[in-house]
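Residue strings, one per chain:
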Amino acid sequence: MNARTAEWPAGEISTIGAVGVAHFCSHLLQLALAPLFLMMRADLGVSFFALGVVLSVFYLCSGLGQVTAGILVDRFGAHRLLLGGLLLQGTATAAMGLAPHYLVLLPLAALAGLGNAVYHPADLSILSHKVAPARLGRAFAAHVIAGSIGFALSPLVSAAISSAYGWRVALGAMGAGVVVLGLVLLACRKALRVDPDHAGAHGAKAAHGPAPTFLQVLAMPVVLTAFLYFVLTSISLTGIQSFSIVALKEGFGATVALATLAVALYQCGNAAGVALGGAVADRTASHHLIAMGGLACACALALLAALLVVPPEVTVGLVALVGFAMGMTTPSRDVLVRGAAPAGATGKVFGVVYSGYDIGALLGPLMFGLMLDHHLPRLVFVGAAIPLGLAVLTAFAVRRRPQ
């Protein structure tokens, strides 16, 4: 982040690093299964649909669990939930490598999903309490980039280990590695623990009365709007990350290599946008304008990718720019959600709104899969653009902190 020592206290750097490691582990394990499906299908004698159910169970439990995790974060402390979830996800993933048959994978996927559920409410609550507001945008950006690195490395690590030793060793090694990192963070938990006095400064007892209950948080229009923001952007993300390779190949004349490169460039553009967006978020109070502008640009670029009849290389460039525009919005988005959280309810709010990501990850594949089944590959980018356009309205609605 090019931060000077005088600007960034050592305690904040330690906290951002520890939270970043946890988020990296979450994303590393999320994509560990998909590259192993061919080997798993042959070994376990099941269909791709059955293996897809394993992922659906994971994301269902992760989405539902985030709401509960948000409540527990506010009650028992974010660092306890974060460390427990990290160890649970790592252990459950490693145990998948020992599963004697398919049915054993389902409860283990559920446990891994519950472990994964704690990261966003716990991570962002810790950062909100331990990083000064003037640096919070860059702290959120570092958190996102750490997760993106996990996404980028996961398929490579999973494929490399499985090609040499098989899918069971791959899952066992990656899960065990996360458990080891979890134990390291447990030993360094001081960087994650929120001091009671510090929490009180942000908490409900600091001249704001009693903390709102979960039902009160859930009834707040600004929280529900932020939840919808996450659902919509997740649907769009699913379309580009998971279905654009097939769409580019079938509808735009791209080779498999070029289509795969498009997804990689999207991730790179997204990471670059997040890094720049974090610096911008710390230099403005108009976070809703940044989020709205980035979403509108991403929507326009996705529509251009769908409608322009140009060489596939141009379309790939547009996809990369979509990633950059989306990345620019991310730190401001998280600052907006933090501002929407009433005192003493940071965990609850992040738990509710981030569960929208998992809901979108469940809905998106159904929509985009139907488009490709009906041979409408260009419609994939239209389907990615429309939710972004709708999300512009939700970003405007989340612009103010509730009273």
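You'll find the structure just up there.
Residues numbered from 1 in each chain as written. Predicted model: local features only at pLDDT ≥ 70, side-chain atom pairs only at ≥ 80, totals over all residues. Heavy atoms only, no water.

1. Some points on the overall build of the protein
Rules: The numbering of helices and of strands both runs from the N terminus, where a helix is a DSSP run of H or I of at least 4 residues and a strand a run of E of at least 2. In this setup the radius of gyration rests on C-alpha atoms only. A globule is expected at 2.2 Å times the number of residues raised to 0.38. Buried means the residue's accessible area, taken with a 1.4 Å probe over protein chains only, is under 20% of the maximum for its type, while exposed means over 50%, and partly exposed covers the values in between. In short, Shrake-Rupley with a 1.4 Å probe defines the accessible areas, and a residue's cover is counted only from the protein chains shown. Just so you know, the count uses Lys and Arg for positive and Asp and Glu for negative, and it drops His and the chain ends. By convention, charge coordinates are those of NZ in Lys, CZ in Arg, CG in Asp, or CD in Glu.
When you go through the protein residue by residue, the secondary structure sums to 16 helices and zero strands. Computed over the C-alpha atoms, the radius of gyration of the protein is 21 Å, within 12% of the 22 Å expected from 2.2 N^0.38 for a compact globule of 403 residues. If you line up the protein on its principal axes, its C-alpha atoms span 60 × 50 × 40 Å. Looking at the protein residue by residue over its 403 residues, the buried ones come to 54%. As presented, the protein carries roughly 16,700 Å² of accessible surface, and 72% of it is formed by carbon and sulfur atoms. Seen as two clouds, the 21 positive and the 13 negative side-chain charges of the protein have centres 7 Å apart.

2. Observations concerning a positive patch on the surface
As a reminder, the rule being used: Only residues above 30% relative accessible area that lack a salt bridge enter a patch, with like-charged residues linked at up to 9 Å and the nonpolar side chains Val, Leu, Ile, Met, Phe, Trp and Tyr linked at up to 5 Å. Any Lys or Arg side-chain nitrogen located within 4 Å of an Asp or Glu carboxyl oxygen qualifies as a salt bridge.
Positive charge collects at one region of the surface, where Arg-80, Arg-189, Lys-190 and Arg-193 lie side by side. In this fold, Arg-193 is placed in the loop between helix H8 (167–187) and helix H9 (196–202). Arg-193 sits in the partly exposed class, given a relative accessible area of 34%.

3. Here's the deal with a nonpolar patch on the surface
Together, Ile-149, Leu-153, Leu-156 and Val-157 make up a nonpolar patch on the protein surface, roughly 320 Å² of accessible area in all. Turning to its location among the elements, Leu-153 is positioned in helix H7 (residues 136–165).

4. Comments concerning the packing of aromatic side chains
The condition that has to hold: Paired rings are identified among Phe, Tyr and Trp, the last through its six-membered ring, by centres lying within 6.5 Å, and are further divided according to the angle between planes into stacked (under 30 degrees), edge-to-face (over 60) and tilted (the rest).
Within this structure, the stated rule accounts for seven aromatic pairs. The structure contains a cluster of three or more aromatic residues connected by ring pairs, namely Tyr-229, Phe-230, Tyr-354 and Tyr-357.

5. Looking at empty space enclosed by the protein
Heads up, the condition is: Note on definitions: the grid is 1 Å and covers protein atoms alone; a cavity is a set of points where a 1.4 Å probe fits but cannot get out; a pocket is an open set with protein on both sides within 12 Å along at least five of seven lines; lining residues have an atom within 4 Å of a point. Grid points are joined across faces, edges and corners, and a volume is the space filled by probe spheres set on the points. Note on residue categories: nonpolar means Ala, Val, Leu, Ile, Met, Phe, Trp, Tyr, Cys or Pro, charged means Asp, Glu, Lys or Arg, and polar means any other residue, Gly included.
Enumeration over the complete set of coordinates arrives at two cavities of 30 Å³ or more. When its volume is computed, the largest cavity comes out at roughly 90 Å³. What lines the largest cavity is Leu-29, Gln-30, Ala-32, Leu-33, Leu-55, Phe-58, Gln-89, Thr-93, Met-96, Ala-112 and Leu-171. Of all elements in the fold, only helix H1 (10–30), helix H3 (48–76) and helix H4 (78–96) reach the threshold of two or more residues within the lining of the largest cavity. Per element, the largest residue contribution to the lining of the largest cavity is three residues, and it comes from H4. Here the residues of the lining of the largest cavity are counted per class, giving eight nonpolar, three polar and no charged. Each pocket or cavity is described by its volume, and for the second largest cavity that value is around 40 Å³. As for the second largest cavity, its lining consists of Ala-226, Tyr-229, Phe-230, Arg-333, Leu-336, Val-337 and Val-398.

6. What about unusual backbone geometry?
Of note in the backbone geometry, His-375 takes a positive phi value of approximately 55° without being a glycine. The topology assignment puts His-375 in the loop between helix H15 (346–373) and helix H16 (379–397). Judged by relative accessible area, His-375 falls into the exposed class, the value being 64%.

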